Amino acid sequence: MEKITIKNGRLNVPDFPAIPFITGDGIGSDITPAMIRIVDAAVEKIYGSGKKIAWKEVPAGKKAFAETGSYLPEQTLEDLRKYVISIKGPLETPVAGGIRSLNVAIRQALDLYACVRPVRYFRGVPAPVREPELLDVVIFRENTEDVYSGIEWEAGSKQVASIIEYLRQKHDISIADNSGIGIKNISEAASKRLVRKAIEYAIGNNRKSVTLVHKGNIMKYTEGAFLRWGYEIAKREFASDVITEKEASGNTEGRIIIKDRIADNMLQQLLLNPSAYDVIATPNLNGDYISDLCAAQVGGLGIAPGANMGSDAAVFEATHGTAPELEGKDKANPCSLVLSAVLMLEYMSWIEPAKLITAAVENTIQGGNLTSDFAGEVKGARIVGTAEFADMVIKNII
Ligand code: NAI
């Protein structure tokens, strides 16, 4: 078992890398073993005994709480940091109260500032729009700031009382007494590093455009500033690679077009004119909404992969939640986690097994063997369980 390392942004991946995984709550115990079997089969098919992942389970969520009394043990965070690349199933977050989101805690602890979500259509997946294949985007969602960073206080608390009093006295602003208060913080540094990563990705992957999505018409000094800082970094650091939509006026000179759209307009644009968009860079909350909309367009969360990336670590993860009603029933669709593992393999530059898995998933779906979330909507489909779906993908690999 060897360690993946990262130095000055350059990854070094040994032939037998240790990769930590979090099984996850709910359907995590159905989809995570399926993902591991598929990845192992593809890696063996391409590299024989020359390369293999040494999977290392690390506890988080309910399983960790039962074993250690903590939902997110310090050792788990330490391992995710130490081994650089890891993958996780979904973790439960109680609504209104209780523990804060473990997913958010992991992102913040490891400073995984970019949530990366590629969304494209797989033929054979039932989708709610007429031409789902027109959507092929990669969403870069800022991961550490915005109303998501958890700076908020409960209505009636001492903190809220003191903030209301401060705003009234110092700024002549009145807020209703019984309010909860949250802070929306968006910084220059976090905005710029996110947009930089999105533009670098667009350049490295021959993408056509990067669209900055914001709600700066209303939230001028947070979302509006994100837009301004985004353009600043594009012009300053990528002057010879990019051109703004206004400057381009039909002629891009082979450069990546930088566009901007207001978030509410973008939500309808993605439905009405999906092929106009490619890489998307946006603050945290917008990115959350946009990711789910795009995933739904190509057939739902069961098929959308995701990654959280920082400068020193990356955690790949299914984009859906724990689907508690399906837990342990061998019904969940493992595609989101499997395709997240594909992203992970690409990130490790193990490109051939990544391609093999993508093709095998596509062939399995096109063959009409579908988990129950998809099968109901496809005429003549055969319903398969999670484990059997994985078996069929593996058959298409070997
Ligand atoms: P969810 O994604 O678990 O479920 C939404 C709907 O999609 C349900 O009908 C579910 O059955 C279905 N679904 C989701 N994944 C599926 C799959 N792989 N195969 C078949 N059907 C699937 O979202 P929900 O209900 O909002 O959240 C449940 C829990 O998951 C909450 O505690 C939430 O906080 C957590 N969560 C965790 C995430 C993460 O770990 N990254 C992300 C989103 C939610």
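Only a predicted model underlies this, so the values are computations on that prediction, with no experimental measurement involved.

Reading guide: rules and limits
Residues numbered from 1 in each chain as written. Predicted model: local features only at pLDDT ≥ 70, side-chain atom pairs only at ≥ 80, totals over all residues. Heavy atoms only, no water. Disulfide = S-S within 2.5 Å. Buried < 20%, exposed > 50% of the residue type's maximum accessible area, 1.4 Å probe, protein only. Pairing = 2+ DSSP bridges. Helix = DSSP H or I, 4+ residues; strand = E, 2+ residues; numbered from the N terminus. Right-handed = clockwise from strand over helix to strand, strands pointing away. Salt bridge = Lys/Arg side-chain N within 4 Å of Asp/Glu carboxyl O.

S.K.: Which residues make up the state of the cysteines, and what values go with them?
M.R.: In total, this model carries 0 disulfides according to the counting rule given. Here Cys115 stays unpaired: no disulfide links it, and the sulfur of Cys294, its closest cysteine neighbor, is 12 Å away. Taking the relative accessible area as the measure of exposure, Cys115 reaches 1% and is therefore buried. Free cysteine Cys335: the closest other cysteine sulfur is in Cys294, separated by 18 Å.

S.K.: Summarise the pairing of strand β4 (residues 54–57); cite the residues concerned and give the values.
M.R.: Of the strand pairs in this sheet, strand β3 (residues 18–22) and β4 are connected by 4 bridges, and their pairing is parallel. Bridge pairing links Ala18 to Ala54 in β4. The handedness of the β3 to β4 crossover, carried by helix α1 (residues 28–47), is right-handed.

S.K.: Got a sec to walk through the pattern of salt bridges? Specific residues and values, please.
M.R.: Tallying each qualifying case throughout the model produces 24 salt bridges. Residue Glu317 pairs with Lys88 through a salt bridge whose shortest N-O separation is 2.7 Å. In this pair, Glu317 is assigned in strand β15 (residues 314–318) and Lys88 in strand β5 (residues 85–88), connecting sequence segments 229 residues apart. A residue is classified by how much of its surface remains accessible, and Lys88, at 3% relative accessible area, is buried. Glu352 is paired through a salt bridge with Lys355; the nearest N and O atoms lie 3.7 Å apart. Residue Glu352 and its partner Lys355 are located together in helix α12 (residues 351–366), separated by 3 residues, close to a single helical turn. Since its relative accessible area comes to 41%, Glu352 is described here as partly exposed. When salt bridges that share partners are traced, they join Glu188, Lys192, Arg228, Glu232 and Arg236 into one network.

S.K.: Any details on unusual backbone geometry? Residues and values, ideally.
M.R.: One non-glycine residue, Val84, adopts positive backbone phi at about 70 degrees. Locating Val84 in the fold gives a position in the loop between α3 (74–82) and β5. The phi dihedral of Asp111 is positive, around 50 degrees, even though this residue is not glycine. Residue placement: Asp111 occurs in the loop between α4 (102–109) and β6 (114–120). Look at Asp111 and you get partly exposed, because its relative accessible area is 33%.

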